[in-house]
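Coordinate inspection notes
Here is what each chain is made of, one letter per residue.
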Amino acid sequence: MSKVLFLVNHDVVIYNFRLELVERLIADGHHVVISSPYGERIDDLKKLGCEYHEIEISRHGMNPVKEIKLVSEYKTLIKKVKPDIVFTYTIKPNIYGGMAAKALKVPYVANITGLGTALETDSVVQKVLVGREIASAPTVLMAAYPVRGLDINSSYTIYNLLNEQKKKGVAVIFVGEDLDVLVELCDRILVLGSGKVTGIVDGRNTTKEEIGILMTKSDYVEDLEQEGDNNEKAE
């Protein structure tokens, strides 16, 4: 049984957006550990079978003493829990949790689910933090709609950073809907239709038309195809 540690800045991040993942991990026999500030959903997660460790995070604070303390607390937690892998979500757990996991040589996956105000202002500090989040040397980097709400120049900055990570051997999982970006950025593209995988194509050879057809493929179409196959076999 492997032990999976989630580092987040709010209990809602796990309960509202990653609950299915947590439930599946538990169902498959893995031990799930969650660290975040205490919130109303923590008790619900504990009832599911999750182990909980409270760590306070100043989500918008920039006090260097508190930031250094957070890295230290993450290191202490990882040493105590001894996880097989760490999943981090949102900017501070990504940066400081990633630093702690890397220092202790524990595999971790940084998940970028949008960069928000970090690139919407002229704050040099915020941009440095974003750069550290993306370039923190993870083995796997998940970016879900990372340029949503950003201007074109900031968007291309993120695309270039992701490409740099690919060249360093990082496995980048990019979640998006812009077909032009997907074709340009991805080596392989997994397409979802009606909540199911409808195809996996080579991003270097595919076309937007091919991806579009797969995106609109529905259970109804699949049923028709299956019915046609069955009729051919009957004949």
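None of these values were measured; they are calculated from a predicted model.

**Examining the overall build of the protein chain**
- Scanning the protein chain from N- to C-terminus turns up ten helices and nine strands.
- When burial is assessed residue by residue, the protein chain has 40% of its 235 residues classed as buried.
- Sequence-distant contacts in the protein chain: of pairs separated by 6 or more residues, those separated by 24 or more amount to 55%.
- Accessible area for the protein chain stands at about 13500 Å²; split by element, carbon and sulfur atoms hold 53% of it.

**Section: the nonpolar core**
- Grouped together as the largest cluster of nonpolar side chains are 21 residues, with contacts concentrated most on L162, F174, L185 and I189.
- Those elements that place two or more of their residues in this core are β5 (108-112), β6 (140-144), α7 (152-167), α8 (179-185), β8 (188-193) and α9 (208-216).
- Here L162 is in contact with L141, A143, V172, F174 and L185, once residues within four sequence places are set aside.
- One finds V33, L77, V86 and Y108 within the second-largest nonpolar core, a separate group that totals 18 residues.

**A short note on the environment of V140**
- Mapped onto the secondary structure, V140 falls in strand β6.
- Sequence separation of V140 and V109 is 31 residues, and the distance between their C-alpha atoms is 5.2 Å.
- Those residues in contact with V140 that sit more than four places away from it in its chain are Y108, V109, A110, V170, A171 and I173.

**Looking at the side chain of D11**
- Mapped onto the elements, D11 comes out in helix α1 (residues 11-17).
- This buried residue, D11, is left without a salt bridge; R41 holds the nearest opposite charge, at 5.8 Å.
- Within the structure, D11 has its side chain in polar contact with the backbone nitrogen of E40 (distance 3.5 Å).

**Here's the deal with a nonpolar patch on the surface**
- The grouping of L190, L192, V197 and I200 at the surface amounts to a nonpolar patch, some 400 Å² of accessible area in total.
- Among the elements of the structure, β8 and β9 (196-202) are those that each provide at least two residues to the nonpolar patch.
- Of note, V197 is situated in strand β9.
- For V197, a relative accessible area of 49% corresponds to the partly exposed category.

Conventions adopted
- Residues numbered from 1 in each chain as written.
- Predicted model: local features only at pLDDT ≥ 70, side-chain atom pairs only at ≥ 80, totals over all residues.
- Heavy atoms only, no water.
- Helix = DSSP H or I, 4+ residues; strand = E, 2+ residues; numbered from the N terminus.
- Buried < 20%, exposed > 50% of the residue type's maximum accessible area, 1.4 Å probe, protein only.
- Contact = heavy atoms within 4.5 Å.
- Areas by Shrake-Rupley, 256 points an atom, 1.4 Å probe, with all protein chains shown as cover.
- Core = buried A, V, L, I, M, F, W, Y, C linked by side-chain atoms within 4.5 Å.
- Lys, Arg positive; Asp, Glu negative; His and termini not counted.
- Salt bridge = Lys/Arg side-chain N within 4 Å of Asp/Glu carboxyl O.
- Polar contact = N/O pair within 3.5 Å; in protein donor to acceptor, adjacent residues only side chain to side chain.
- Patch = residues over 30% accessible without salt bridge, like charges linked within 9 Å, V, L, I, M, F, W, Y side chains within 5 Å.

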